[in-house]
Amino acid sequence: MDITLFNTLGREKQIFKPITQGKAGVYTCGPTVYDYQHIGNFRTFMFEDFLKRVLMYNGYDVKHIMNITDVGHLVSDGDEGEDKMEKGSERTGKTVWEIAEYYTKVFMDDAKLLNILPPEKYTKATEYIKEQVDMIKCLEEKGFIYVTSDGVYFDTSKLSDYGKLARLDIEGLEEGSRIGFNEEKKNKTDFAVWKFSPKDGRRQMEWDSPWGKGFPGWHLECSAMSKATLGVTFDIHCGGIDHVPVHHTNEIAQSEACNGAESAHYWMHGAFLEEETGKMSKSKGEFLRVQTLIDKGYSPLDYRYMCLGTHYRKRLLFSWDVLDSAKTARVRLKNRIKALKENAANFTNITNDSNSVNKFKDKFLASINDDLNMPEALAVVWDTLKDESISPAAKLEMISEFDRVLGLDLEKAEAEIKQDVPAEVIALVNERIAAKKARDFKLADELRDKVKSLGFEIVDVKGGVKLKSIKN
RNA sequence: GGCGACGUACCCAAGUGGCUUAAGGGGAAAGUCUGCAAAACUUUUAUUCAUCGGUUCGAAUCCGAUCGUCGCCUCCA
């Protein structure tokens, strides 16, 4: 079955046609590691994970590269900008290298908690300086760059189709724009491919280049690293929607100017997670991290379920209510599967209606292959569970197949985090069991209330009791 | 100021010309079960898709206007 993907180039759903049959080269813009990633950043990384899993589900051999931006970049394009890495270094007293390492590790840990599959390779910007310098040389030979007092710039007027991805209205950009105009830039859309170190101070991260000591421009790393790992032209390039007008526009400009060939065939962009106050942003100071969710008693997978519930190209407004409903739904889904497991052995004699089985499998595949329609795929999962013509064993098999794409760990139904129960609570629970046996229900109810006040809920189940910790 | 996106039940959300007199989840209500609860399960919950016009045999889906919400144009997933 064909996979259709919404291509920002062209702004339409297109049938995915790989360069090499059965293989897909995917480059996704990774984190900038001067700070923690918030859950909004992870929404994009999860969308990319959905894409990857859908490709794999369809039998593709996916080569996925994700960059780690560990070079500091300026806050703005003008001279007044501060370098976020160097700033973080001042704040914490650590070196920029230590900062990058720390936040890279936290990022990878969080990604794992969200069941995001690791890429085949993480490429660090600082490990590809040579490739980046080579690319500037290449651009220099072809006459696309010029040098100013603060860096080396790409001359966007030399490229006839500059801005094709974003469909930039370059004339309109000027009017009312808030850009602090750099006098030395020839065109307002020109951007730095190399920035010189300040004359009065040294940077912790700086390298030699034919044009002077400094560091690479932000857009350059993706061009250089995708070329080094996936080749000049590859299949899919992803990132957040905000990358369309500047970062990816400039990346395409550099790559295509240097290589003289198309860069990626498909460009896909994930929409933002927003808060009531608007976009989630690191500069606001406090922001939600995966750890914040855990601290509040949620599983990271609750958040994954929440993201699965809204199409990746649609804005998602974060609220605790929505996360709560995702949590409830996810837990119920797991409970259903747990019950299926218990029943699977007992009902092997039920004959499956193969029409139903195929109907749901086809519908699931059709959903995910339609530009990653995960909300619809989730609906198929629920419909599958509720269908009475399919045996528990067959359902179980289907769901675990579906979960290869969803990544909700549905199979690990019993692997919920076990909590230490205080001895006091255990004693009370035992007392209650005795009271129940003696049919002293009044005492039993009192004991249940008491245990509840200690933070645990008693639930009677067949043949025993179950303790649930009450989380706020 | 320029560019763009969106507005579907109490909440989230899929659907983007006939398959749909609108999926799925959450919530709420009723029922089954239970010493009672809880859980689980079953059922119910939009003749209607921001509003008003238009195109069409046929529109939530296309066009126009209006209202509303938000994003980008500056580092940003």
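Residues numbered from 1 in each chain as written. Chains lettered and ligands numbered in written order. Predicted model: local features only at pLDDT ≥ 70, side-chain atom pairs only at ≥ 80, totals over all residues.

1. A look at the sheet that holds strand β3 (residues 23-28)
Ordered in space as β5-β4-β3-β10-β11, the five strands form an open sheet in which the pairing is parallel. Two strands bound the open sheet, and with one partner strand each, they are β5 (121-124) and β11 (264-270). Taking each pair of neighbouring strands and ignoring which way they run, the sheet shows an average axis angle of 25 degrees. Two strands pair when backbone bridges link them, and strand β4 (residues 61-68) and β5 are joined in this way by four bridges, in the parallel orientation. Paired with Ile65 across the strands is Lys121, a residue of β5. Against the sheet, helix α6 (residues 218-230) touches β3, β4, β5 and β10 (234-240), its axis set at about 150 degrees to β4. (Pairing = 2+ DSSP bridges. Helix = DSSP H or I, 4+ residues; strand = E, 2+ residues; numbered from the N terminus. Axes fitted to C-alpha atoms, helices over the stretch in contact; angles between N-to-C directions. Contact = placed C-beta atoms within 7 Å.)

2. Brief notes about the nonpolar core
In summary, soluble globular proteins display a tendency toward joint burial of nonpolar side chains. Counting residues in each nonpolar core, the largest one holds 101 residues, and the members touching the most others are Leu139 and Val193. Considering every element that reaches this core, the biggest residue donor is helix α1 (residues 39-57), with nine residues. Composition of this core by domain shows at least three residues from each of domain 1 (4-270) and domain 2 (297-406). Core analysis: the next-biggest nonpolar cluster, separate from the first, contains five residues, Ala444, Leu447, Phe456 and Ile458 among them. (Core = buried A, V, L, I, M, F, W, Y, C linked by C-beta atoms within 7 Å. Buried ≥ 20, exposed ≤ 12 C-beta atoms within 10 Å, placed from the backbone. Domains from an automatic or database assignment.)

3. Digging into the environment of Glu120
Looking at where Glu120 falls in the secondary structure, it is placed in the loop between α3 (96-113) and β5. We classify Glu120 as partly exposed; it has 13 C-beta atoms within 10 Å. A C-alpha to C-alpha distance of 51 Å links Glu120 and Ala427, two positions 307 residues apart in sequence. With near-sequence residues (within four places) excluded, Glu120 lies in contact with Lys63, His64 and Ile65.

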